[in-house]
Each structure stands twice: as C-alpha cells, then as structure tokens.
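# Report on the structure
The chain contents come next:
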Amino acid sequence: MADAEAEQVLDGLRRQARKLVADLAGPVRLVRLRSGESVLEVEWHDPAPPAQRAAETLPARAAEPAARAAPATDRPAVRSPVVGTFYRAPEPGAMPFVAVGDMVRPGQVVGIVEAMKLMNEVTAGQAGRVVEVLVEDGKPVEYDQPLIALEPVTGQDG
C-alpha cells in the first residue's frame with residue numbers, strides 16, 4: 001500500500017507542478033518539489049544569458065550549411081516551451097506526432113519536451129506544413145529553441 005500512496009503523492013506533485021509552471025510569468029528553468037519536509041523551489045530564466053548565448057553562437061551558426069540555417073531564420077518554427085529533452089513520439093517505439101510533409105493546425109501536439117520528469121506538450125502556434133524536424137529525437141533542447149520548421153499555409157493551401 002505504501003507504493004500506491006507514494007505514486008499518488010507523486011501524481012499530485014506532478015499535477016501541481018504543471019499548474020504552477022502554467023500560472024507563472026516567464027520561462028521557468030527549474031521547479032523542485034519535495035514531499036519530505038515540504039520544499040518548493042522555482043527558478044526563472046535570466047533574460048540576459050540567452051541573448052548573450054545567441055550573440056556568442058552567431059559565428060558558429062554562420063559556419064553551418066545555409067540549408068540547415070534557413071528553416072530557423074526564414075520560416076516559422078515550433079519552439080521549445082522549456083529546457084529539457086525533446087521527443088518526437090508519445091512513447092518509445094510509437095509513431096512520431098508529425099513527419100516532414102504533414103499539415104499541422106494551431107494547437108496540434110507536435111512533440112514533447114521532458115523537463116524534471118514532467119512531459120510538456122509542444123504545440124504548433126500556427127497552421128503549416130512540416131518542412132524539417134530540426135532536433136533529433138531524445139536530444140536536449142533549450143528554451144525557445146526551434147524544433148520544427150513550418151511552411152505557412154493560406155486558406156487556399158488547405
């Protein structure tokens with residue numbers, strides 16, 4: 001019975017953490033919950049370091065092939081909502097949520113980013129056709145990193 005109770009406590013903590021992250025302003029980098037002696041710790045991203053990192057990595061990006069850099073800069077992209085590990089499918093061995101050539105609609109789940117044992121759905125912000133998956137399955141991602149490049153669709157593209 002202790003295992004079942006522990007699992008219930010963990011499920012409750014997961015639900016509360018998801019709600020907390022959704023309610024907080026700004027991108028959350030870390031949420032730490034502890035049941036024994038009740039600890040709750042939340043850490044936000046510092047807005048300066050990502051800008052500095054982008055400036056520092058600009059020369060490295062210029063060295064990338066133009067075809068690889070184009071989707072992230074010239075096309076809309078679905079971006080990571082948190083720092084974590086990107087997964088293309090709901091579970092190992094399952095079909096990916098989307099593949100190149102698929103049409104997506106706003107709000108459609110296109111991947112998952114696991115952060116601190118929480119599975120965060122990655123959803124498309126606009127309609128479009130998937131033209132490239134920019135991150136390999138199971139690879140670490142940063143907050144706001146482009147994950148999937150889209151080609152926008154108009155009403156006629158349907």
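Above this text is the structure in question.
This write-up is about the structure you can find in this document. (Residues numbered from 1 in each chain as written. Predicted model: local features only at pLDDT ≥ 70, side-chain atom pairs only at ≥ 80, totals over all residues. Heavy atoms only, no water.)

## Re the overall build of the chain
The helix and strand inventory of the chain stands at three helices and 10 strands. Sorting the 158 residues of the chain into buried and exposed places 23% on the buried side. When contacts within the chain are restricted to residue pairs at least 6 apart in sequence, those whose partners lie at least 24 apart make up 55%. By element, 53% of the accessible surface of the chain is carried by carbon and sulfur atoms, the whole surface being about 10,300 Å². (Helix = DSSP H or I, 4+ residues; strand = E, 2+ residues; numbered from the N terminus. Buried < 20%, exposed > 50% of the residue type's maximum accessible area, 1.4 Å probe, protein only. Contact = heavy atoms within 4.5 Å. Areas by Shrake-Rupley, 256 points an atom, 1.4 Å probe, with all protein chains shown as cover.)

## As for the nonpolar core
In this structure, Phe86, Val110, Leu147 and Ile148 are the most contacted members of the largest nonpolar core, which totals 17 residues. Elements with a minimum of two residues in this core: strand E6 (109-115), strand E8 (128-133) and strand E10 (146-152). Excluding residues that lie within four positions of it along the chain, Phe86 makes contacts with Gly111, Ile112, Val113, Val133, Val135, Glu136, Asp137, Gly138, Lys139, Val141, Leu147 and Ile148. (Core = buried A, V, L, I, M, F, W, Y, C linked by side-chain atoms within 4.5 Å.)

## So, the sheet that holds strand E3 (residues 77-79)
An order of E3-E10-E8-E5 is seen for the four strands of this open sheet, with the pairing classed as antiparallel. Since the sheet does not close on itself, it has two edges, and those belong to E3 and strand E5 (103-104), each with one partner. Pairing analysis gives three bridges linking E3 to E10, with the strands arranged antiparallel. Looking across to E10, one finds that Val78 is bridged to Ile148. (Pairing = 2+ DSSP bridges.)

## Observations regarding the environment of Val109
By secondary structure assignment, the location of Val109 is in strand E6. Between the C-alpha atoms of Val109 and Gly125, which are 16 residues apart in sequence, the distance is 9.9 Å. Those residues in contact with Val109 that lie beyond four places of it in its chain are Phe97, Val98, Glu121, Val122 and Thr123.

## Considerations on the sheet that holds strand E4 (residues 84-87)
Pairing is antiparallel across the open sheet formed by four strands, whose spatial order is E7-E6-E4-E9. Two strands close off the open sheet at either side, each with one partner strand: strand E7 (118-123) and strand E9 (140-141). For E6 and E7, the ladder comprises six bridges, and the chain directions are antiparallel. Following the sheet pairing, Ala115 is matched in E7 by Leu118.

Such coordinate-based values are descriptive only and should not be taken to indicate function.
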